[in-house]
There are 2 protein chains.
Amino acid sequence: MASFVQPSSSPHLASEEDEQKYANVNWEELGFGLIPTDYMYVAKCKQGESFSEGKLVPYGDISISPCSGILNYGQGLFEGLKAYRTEDERIMLFRPNQNGLRMQTGADKLCMTSPSEEQFVKAIKKTVLANKKWVPPPGKGTLYIRPLLIGSGAVLGIASAPEFTFLIYVSPVGIYQQTSSGLNLKVDHQHRRAHSGGTGCVKSCTNYSPVVKKMQEAKALGFSDVLFLDAATGRNIEEVSTCNIFIVKGNVVSTPLTSGTILPGITRKSITELARDLGYQVQERDISVDELLEAEEVFCTGTAVVVQAVETMTFHDKKVKYMMGEETLSTKLHSMLTSIQKGLVEDTKGWMVEIDL
Amino acid sequence: MASFVQPSSSPHLASEEDEQKYANVNWEELGFGLIPTDYMYVAKCKQGESFSEGKLVPYGDISISPCSGILNYGQGLFEGLKAYRTEDERIMLFRPNQNGLRMQTGADKLCMTSPSEEQFVKAIKKTVLANKKWVPPPGKGTLYIRPLLIGSGAVLGIASAPEFTFLIYVSPVGIYQQTSSGLNLKVDHQHRRAHSGGTGCVKSCTNYSPVVKKMQEAKALGFSDVLFLDAATGRNIEEVSTCNIFIVKGNVVSTPLTSGTILPGITRKSITELARDLGYQVQERDISVDELLEAEEVFCTGTAVVVQAVETMTFHDKKVKYMMGEETLSTKLHSMLTSIQKGLVEDTKGWMVEIDL
């Protein structure tokens, strides 16, 4: 098995305490696959009641009714956020309350009871603390945190489940998309991701399995991922399978409006603010494919991808290339955001939440 | 506890064998809720491999990874069919191969491996046989059979799960919608159920949790359920949350075309054939709301609802009333279909599959 992190480069001798500080992971080769950790958090709540404090249990399979809402009718939401280890060995969360609020919106949409924002953040902290040795060393990656809210009670006819489970598991992760350069996206002109009144605007599990095939097909053709258009007109861009999209032209940064079919990304929201800080005019509005193809720069945002430049965009037979490199806005925004997340610059926005170790 | 079925009306004396013939259920009061039975069927298959024979296990909770495709990304399909006990005590299935074929189509859409049609039917038979005492007495209800195909393996980034589980559980059920008359439907003019390239045409779990809220809201207003319009134009009718829809005018029976957003119901298909046998012209095509409101008779079809008349339809402030009663086509079709299913008439179509007891 791989040894503990960088023992040779460590400035002091390895002690027993050091050995317990980090889990036995090859931190140099982190990808975006699951590495099981020590603990997960589980809380349950009956329909019509409120969540009370959950508990930490050893990470492992859960027991669930074959007749549960999640297994039969897709009654489930997930969230995704990260814990960061700073150079001075603090462990920080990025805007966890925003995930808690988004879970509440999603729960309302799927007729579930959600933990309160406070309960959500408290549970995240507790879970990360219990798994602190799995938070990668500074610069080596992050601890990805996956909260789930699922209809776990048995329900035969289509209806909301009589019991909900709030569960959090974590996994150390590295970079999401392993590309040496930018993303090569394909505009899907046939299939839609979401429709009016659907679940496109919340982090419902139902948004994801339907796009896996399109992702697979695009990847088989050499693309990184798929960009979907709106279901109502088929003319405006909406979202990539797993992230939001921005286009840049001159001093204007534009991103599709969150009007019910697009996920209101927390990275999206933060990047919007940082771009304004840099003096850009930020517009949230309908963006046509024509405009997309005429943009100077395009990038994606999301918890997993952070901020990632789009190198090429293909629509039917047309392929356009965008600005890349050190001088791009996406490079600046990536640096600004990750500097805050890693604690390298002062967090003047109050985005970071420290976990008491 | 309730006694065994109708011991007083039984023409022969109760023996030990009789006592074992039926489970301890109050058959007179069956609804559409889960009644746990003795056994369920479980088979597993790794991605890239094929399903081999599964096994019967006692009905109960299953163990699954918190990081599984179904819990995180909604990678799951279900089917629904019924076992019928005939007057001469045979146990029959209605077109189970059709469910098996539909599961294959859905599995392809959601990047899963499906059991073969033959494996599917064999597994259904095995599960019903193991639970035969839970098949209600003739005229008292049916044994509802719920096959699931889920992404049960752990997957962190959005992709297909590395392992799939095919599971079948059953429950004795009575009538789905407890209405003394017909359904009172509301046309949802705001929200859509499915979109082009989505999962509307397969029995994906992702089609269902998103409509629960609309069903709840409609029920709170006194409606039975919601009828959705197409996402592309918002002008044509598509499907009720849990069943297909037919309209009748003169000698023409029409139902929306299964062009990618509508579930190809097995009851729908069978009813289409029976209506043709009765001399009706059956059209599968786009049907506008205007036409719906001008129909003489409207009815819904589905495994759970069978064939059920629609009494009223409400679109915005307009409410129309349809023909009801003994003389309607839906009454005739319901009688024809259930007579075949219950073995009261000869099955000239080869739809029924008998289970060797």
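The model shown is predicted, which means the values in this text are computed figures rather than measured ones. (Residues numbered from 1 in each chain as written. Chains lettered and ligands numbered in written order. Predicted model: local features only at pLDDT ≥ 70, side-chain atom pairs only at ≥ 80, totals over all residues. Heavy atoms only, no water.)

What follows concerns the relation of the copies chain B and chain A. Once turned by 180° and shifted 0.0 Å along the axis, chain B lies on chain A with an RMSD of 0.0 Å. Within this description, the copies of the chain are treated as partners about a two-fold rotation axis. The overlap is high: 100% of the interface residues of chain B also sit at the interface in chain A, so the same surface is used on both sides. (Least-squares fit on C-alpha atoms with pLDDT ≥ 70 in both. Contact = heavy atoms within 4.5 Å.)

With 62 residues of chain B at the interface, the matching set in chain A holds 62 residues. Buried area between chain B and chain A, both sides added, is near 4900 Å², and the carbon and sulfur share of it is 62%. Here chain B and chain A share two salt bridges between them. Summed over the shared surface of chain B and chain A, the number is 23 residue pairs in polar contact (both at pLDDT 80 or more). Those elements that place two or more of their residues in the side of chain B that touches chain A are β3 (62-64), α2 (69-73), α3 (96-109), β7 (142-151), β8 (163-173), β9 (183-192) and α5 (209-220) of chain B. When residues of the side of chain B that touches chain A are assigned to their parent elements, the largest contribution, seven residues, is made by α5(B). Grouping the constituent residues of the side of chain B that touches chain A by class yields 33 nonpolar, 21 polar and eight charged. Summarising the sheet, strand β3 (residues 62-64) of chain A and β3(B) pair through three bridges and their orientation is antiparallel. Across the sheet, residue A:S63 finds its bridge partner in β3(B), namely B:S63. (Buried area = accessible area lost by both parts, 1.4 Å probe. Salt bridge = Lys/Arg side-chain N within 4 Å of Asp/Glu carboxyl O. Polar contact = N/O pair within 3.5 Å; in protein donor to acceptor, adjacent residues only side chain to side chain. Helix = DSSP H or I, 4+ residues; strand = E, 2+ residues; numbered from the N terminus. Nonpolar A, V, L, I, M, F, W, Y, C, P; charged D, E, K, R; others polar. Pairing = 2+ DSSP bridges.)

Moving on: the confidence of the model for chain A. On average, chain A scores 93 in pLDDT, and the residues at 70 or more come to 93%. Contacts from residues 1-15 of chain A, a stretch scored under 50 in pLDDT, to residues over four places away or in other chains number 18 contacts. (pLDDT = per-residue confidence, 0-100.)

Moving on, we get to the pattern of salt bridges. A complete count under the given rule lists 34 salt bridges over all chains for this structure. In this structure, A:E28 and A:K140 form a salt bridge, with 3.3 Å as the shortest nitrogen-oxygen distance. Residue A:E28 is found in the loop between α1 (16-21) and β1 (39-46), and its partner A:K140 is found in the loop between α4 (117-130) and β7 (142-151); the two are separated by 112 residues along the sequence. Take A:E28: its relative accessible area is 51%, and that puts it in the exposed class. B:E284 is paired through a salt bridge with B:R268; the nearest N and O atoms lie 2.7 Å apart. Here B:E284, found in strand β14 (residues 281-284), pairs with B:R268, found in helix α6 (residues 266-277); they are 16 residues apart in sequence, far enough to count as distant. Residue classification places B:E284 among the partly exposed residues on the basis of a relative accessible area of 33%. (Buried < 20%, exposed > 50% of the residue type's maximum accessible area, 1.4 Å probe, protein only.)

This next bit is on the packing of aromatic side chains. Overall, the coordinates contain 22 aromatic pairs over all chains when judged by the stated rule. Both rings, one in A:Y73 and one in B:F78, keep their centres 5.3 Å apart while their planes meet at 90°; by these two values the pair is edge-to-face. Highlighted residues: A:Y73 in helix α2 (residues 69-73) and B:F78 in strand β4 (residues 76-78), drawn from two different chains. Exposure remark for A:Y73: the relative accessible area of 3% places this residue in the buried category. Between A:F246 and A:F299, the aromatic rings sit 5.0 Å apart at their centres with planes inclined by 10°, giving stacked as the arrangement. Pair noted here: A:F246 is in strand β12 (residues 244-249) and A:F299 is in strand β15 (residues 297-302), with a separation of 53 residues, a long-range link. Residue class for A:F246 comes out buried when judged on its relative accessible area of 0%. The class for A:F299 is buried, based on a relative accessible area of 0%. Put simply, the rings of A:Y41, A:F51, A:F120 and A:F166 touch in pairs and so form one group of aromatic residues. (Phe/Tyr/Trp six-rings, centres within 6.5 Å; stacked < 30°, edge-to-face > 60°.)

So, on to the UniProt feature "modified residue: N6-(pyridoxal phosphate)lysine" (unreviewed entry) in chain A. All names here are of chain A. Per the UniProt record, "modified residue: N6-(pyridoxal phosphate)lysine" (unreviewed entry) is annotated on K203. The residue K203 is located in the loop between β9 (183-192) and α5 (209-220) in this model. Given the relative accessible area of 12%, K203 is considered buried. Not counting residues within four places of it along the chain, the set of residues in contact with K203 comprises G76, L77, F78, E79, G80, R102, Y208 and L263. (UniProt positions renumbered as here; feature names shortened; annotations may be inferred.)

Quick look at the pairing of strand β13 (residues 252-255) of chain A now. All names here are of chain A. Examined bridge by bridge, β12 and β13 share three bridges and lie antiparallel to one another. Residue pairing in the sheet places I247 in a bridge with S254 of β13. Sheet analysis places β13 next to strand β14 (residues 281-284), joined by four bridges and oriented parallel. Bridging across to β14, V253 finds its partner in V282. Once the chain exits β13 it traverses helix α6 (residues 266-277) before rejoining the sheet at β14, and the crossover so formed is right-handed. (Right-handed = clockwise from strand over helix to strand, strands pointing away.)

What follows concerns the domain arrangement of chain A. Where interface size is given, it is often the accessible area lost as the parts come together that is meant. Residue and element names in this part refer to chain A. Here chain A is described as being made up of domain 1 (16-173) and domain 2 (183-341). Taken residue by residue, the interface counts 21 residues in domain 1 and 21 residues in domain 2. The largest share of the area that domain 1 buries against domain 2 comes from F78, F94 and R102, three residues that together contribute 34% of it. At the boundary of domain 1 and domain 2, one finds zero salt bridges. (Domains from an automatic or database assignment.)

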